[in-house]
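Structure at a glance
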Amino acid sequence: MNILVTGCNGQLGNEMQLLEKENSQHTYFNTDVAELDITNQEAIEQFVASHEIDGIVNCAAYTAVDKAEDNEEFCSVLNSIAPAYLAAAIEKRGGWMIQISTDYVFDGTQHTPYVEDDDTCPNSVYGKTKLVGELNVQKLCKQSMIIRTAWLYSTFGNNFVKTMIRLGQEKPELGVIFDQIGTPTYARDLAAAIFTAINKGVVPGVYHFSNEGVISWYDFTKAIHRLAGITTCHVRPLHTAEYPTPANRPHYSVLDKTKIKQTYQMEVPYWEESLRECIEKLMNEK
Ligand SMILES: NC(=O)c1ccc[n+]([C@@H]2O[C@H](COP(=O)([O-])OP(=O)(O)OC[C@H]3O[C@@H](n4cnc5c(N)ncnc54)[C@H](OP(=O)(O)O)[C@@H]3O)[C@@H](O)[C@H]2O)c1
């Protein structure tokens with residue numbers, strides 16, 4: 001198959017490129033905005049037709065959750081409309097599409113892990129635009145998978161893990177929210193799950209994927225510092241109200257992964273094991 005991957009310079013896109021080497025039975029076309037701007041419908045149509053694309057993995061998105069509150073129009077073009085362009089183009093060729101979405105489609109008022117059929121109720125611009133993107137892809141491409149993920153981190157790009165290591169090394173004290181609960185996702189594990197789906201065959205529908213386990217941002221920070229050998233920074237637990245941000249964030253956004261595990265017979269790594277691997281990689285890069 002010829003497979004188009006968008007947003008390849010991002011966290012997930014970079015991890016996809018690394019794992020492609022172990023999945024060489026298909027040909028991957030890795031693109032970011034310089035090679036293929038996914039807000040340009042004509043360019044997408046032309047790319048998909050001329051490269052005889054059979055499947056698309058859309059890793060591109062507007063991911064600046066707080067900035068999105070003041071940039072609704074642009075965020076909507078990238079997160080809602082562009083996925084529709086991709087879905088329509090691949091549907092014309094009878095192909096499949098994997099669209100990456102987010103736990104922010106939920107409002108976080110539940111106390112038990114979210115399953116795919118739970119009612120969505122985004123309360124941020126980012127979450128709303130990602131939800132419309134999900135619906136557009138499902139409407140326009142019959143063979144589509146929506147994979148919702150959460151708290152993504154990687155050795156690539158800027159993310160919570162890298163920020164907490166930097167701040168932990170710089171500051172004697174740090175306040176981190178303890179009343180938002182979820183599960184981190186090492187982007188490499190998500191990329192591996194995407195390759196499993198590609199290699200076993202796309203089964204249309206909505207799926208949830210994060211690492212296993214449940215923690216708060218505060219506990220996550222304590223683990224990051226422990227694994228990175230940072231002992232000089234005191235981490236204080238904060239209430240959400242003590243750290244106001246432009247965008248609302250779900251208080252509870254644990255995703256139930258039973259469906260993707262059963263459909264693809266896959267095992268999902270525990271968050272701490274994946275975090276350890278990522279931090280070891282980061283330390284070895286230095
Ligand atoms: N990060 C998280 O915590 C998180 C949580 C849940 C779900 N997700 C979802 O997971 C997916 C991957 O996230 P990520 O963290 O890997 O994102 P990311 O690091 O922000 O990467 C997104 C990539 O898309 C590129 N891009 C922006 N506009 C584009 C355009 N018009 N055409 C083509 N590419 C464009 C970006 O380029 P620039 O950097 O130049 O803009 C960037 O390289 C996204 O769908 C995101 O919504 C992320």
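Anything mentioned here points back to the structure above.
Residues numbered from 1 in each chain as written. Predicted model: local features only at pLDDT ≥ 70, side-chain atom pairs only at ≥ 80, totals over all residues. Heavy atoms only, no water.

Glancing now at the overall build of the protein chain. Scanning the protein chain for helices and strands turns up nine helices and twelve strands. Relative to a compact globule of 286 residues, whose C-alpha radius of gyration would be 19 Å, the protein chain shows 19 Å and is just as compact. Each principal axis of the C-alpha atoms in the protein chain carries an extent, and together these give about 55 × 40 × 35 Å. Relative to its 286 residues, the protein chain shows a buried fraction of 52%. Within the protein chain, contacts between residues separated by at least 24 positions form 84% of all contacts whose residues are at least 6 apart in sequence. In the structure as shown, the protein chain presents an accessible area of about 12800 Å², 49% of it carried by carbon and sulfur atoms. (Helix = DSSP H or I, 4+ residues; strand = E, 2+ residues; numbered from the N terminus. Rg over C-alpha atoms; globule rule 2.2 N^0.38 Å. Buried < 20%, exposed > 50% of the residue type's maximum accessible area, 1.4 Å probe, protein only. Contact = heavy atoms within 4.5 Å. Areas by Shrake-Rupley, 256 points an atom, 1.4 Å probe, with all protein chains shown as cover.)

Evaluation of the coordinates by the stated rule reveals eleven salt bridges. The salt bridge involving Glu134 is made with Arg148; its shortest N-O contact spans 2.8 Å. Note that Glu134 is positioned in helix 4 (residues 125-140) and Arg148 in strand 5 (residues 143-149), a separation of 14 residues in sequence. Residues Glu134 and Arg148 agree in their burial class; the two are buried. With a shortest N-O distance of 2.7 Å, Glu277 and Arg188 are connected by a salt bridge. Within this pair, whereas Glu277 is found in helix 9 (residues 271-285), its partner Arg188 is found in helix 6 (residues 187-200), the two being separated by 89 residues in sequence. Overall, the relative accessible area of 36% leaves Glu277 in the partly exposed class. Classification of Arg188 by relative accessible area gives partly exposed; the value is 22%. Several salt bridges converge on common partners, so that one network encompasses Arg188, Asp189 and Glu277. (Salt bridge = Lys/Arg side-chain N within 4 Å of Asp/Glu carboxyl O.)

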